[in-house]
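# Breakdown of the fold
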Amino acid sequence: ATGNLVVIVGPMYSGKTSELISFIEIYTLGKKKIKVFKPLLDNRYNETSIVSHSNTSVKAIPINNSAEILPRLDGDEKAIFIDEIQFLDESLREVVVEMINSGKDVYCAGLDLSYKNNPFKVTSLLMSHADTVIKKKAVCHECGEYKGTITYKTVENGGEIDVGGFEKYIAVCRDCYLELNKSK
Ligand code: ADP
Ligand code: TMP
Ligand code: MG
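Notes on the structure follow. Source: prediction; values computed, not measured. (Residues numbered from 1 in each chain as written. Chains lettered and ligands numbered in written order. Predicted model: local features only at pLDDT ≥ 70, side-chain atom pairs only at ≥ 80, totals over all residues. Heavy atoms only, no water.)

## Points about the site of ligand 1
In the neighbourhood of ligand 1, 13 residues make up the surrounding shell, with Tyr 13, Lys 16, Ser 18, His 53 and Val 139 lying closest. Here Gly 15 contributes a backbone N or O atom positioned 3.0 Å from an oxygen atom of ligand 1. Here an oxygen atom of ligand 1 and a side-chain polar atom of Ser 18 are 2.4 Å apart. With the chains in place, 71% of the 580 Å² that ligand 1 exposes on its own is no longer accessible. Residue composition of the shell around ligand 1, grouped by class: 5 nonpolar, 7 polar and 1 charged. (Near = heavy atom within 4 Å. Polar contact = N/O pair within 3.5 Å; in protein donor to acceptor, adjacent residues only side chain to side chain. Areas by Shrake-Rupley, 256 points an atom, 1.4 Å probe, with all protein chains shown as cover. Nonpolar A, V, L, I, M, F, W, Y, C, P; charged D, E, K, R; others polar.)

## Describing the site of ligand 2
Ligand 2 sits among 18 residues. The nearest are Lys 16, His 53, Tyr 115, Glu 160 and Asp 162. The contact in question runs from an oxygen atom of ligand 2 to an N or O atom on the backbone of Tyr 115, over 2.8 Å. Within the backbone of Asp 162, a nitrogen or oxygen atom sits 2.7 Å from an oxygen atom of ligand 2. Its residues placed into classes, the shell around ligand 2 shows 7 nonpolar, 6 polar and 5 charged.

## A word on the pairing of strand 7 (residues 105-110)
A large share of strand 7 lies buried, amounting to 6 of its 6 residues. Of the two faces of strand 7, the one carrying Asp 105, Tyr 107 and Ala 109 and the one carrying Val 106, Cys 108 and Gly 110 are both buried. Judged from the 5 bridges that link them, strand 1 (residues 5-9) and strand 7 form a sheet pairing that is parallel. Along strand 7, the bridge assignment pairs Leu 5 with Val 106. For the crossover that starts at strand 6 (residues 79-82), traverses helix 2 (residues 92-101) and ends in the parallel strand 7, the hand is right-handed. (Buried < 20%, exposed > 50% of the residue type's maximum accessible area, 1.4 Å probe, protein only. Helix = DSSP H or I, 4+ residues; strand = E, 2+ residues; numbered from the N terminus. Pairing = 2+ DSSP bridges. Right-handed = clockwise from strand over helix to strand, strands pointing away.)

## A look at the sheet that holds strand 2 (residues 34-39)
Read from one edge to the other, the open sheet built from 6 strands follows the order 5-2-6-7-1-8, with strand pairing classed as parallel. The open sheet has two free edges, formed respectively by strand 5 (61-63) and strand 8 (132-135), since each of these has just one partner strand. Neighbour-to-neighbour, the strand axes of this sheet turn through a mean angle of 20°, independent of strand direction. Where strand 1 and strand 8 come together, 4 bridges link them in parallel fashion. Within strand 8, the position partnered with Val 7 by the bridge is Val 133. In the packing of helix 1 (residues 16-29) onto the sheet, contacts are made with strand 1, strand 2, strand 6, strand 7 and strand 8, and the angle to strand 7 comes to roughly 160°. (Axes fitted to C-alpha atoms, helices over the stretch in contact; angles between N-to-C directions. Contact = heavy atoms within 4.5 Å.)

Given below as structure tokens:
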């Protein structure tokens, strides 16, 4: 049988990595063989682990691009986990489709939108193939409501690909996002 694709999206701090780690735990508790990947670009805390903002972590294989995934598989993995998919190339789509077609469950987590409110194309592509899309929310840093769907950049420097945390990004709701951009 083919596998399932679950894609976890949302703004920063919405619990994407935490949710991915919860799914990893389900497979490891069941003694299922898995592999975890993350783009090397995200060197925030650690090059060989995925780490959540609440500091839970799991070992991961760092990769530069999606072509490095299939050669790292032994073939008998039950599930594959990939964090920070927004930093990977669009060919991730073909790689993931091949894995689900060959019977593996695949769990991907990443940003749906950049701080400029632009979709990350690779995330959009994977959402199209997903059996389940989990859209997470954060607590809005401005109004405190549980409606945070977009990330706001609080500093001027850096582009749309710019690794970082609370020193440059906050999660906000759409109303506060528009308000903050108006007062710029
Ligand atoms: P993501 O991968 O989506 O950035 P993480 O799973 O790494 O999310 O982090 C989620 C954790 O971030 C929450 O459990 C909470 O402890 C913390 N956190 C910090 N700021 C916020 C916020 N504004 N809304 C929700 N959680 C937040
Ligand atoms: P997180 O979703 O796990 O919090 O991590 C998101 C990473 O993506 C973090 O390193 C900051 C980075 N990022 C960008 O490169 N561009 C953006 O537009 C946003 C919002 C985040
Ligand atoms: Mg994360």
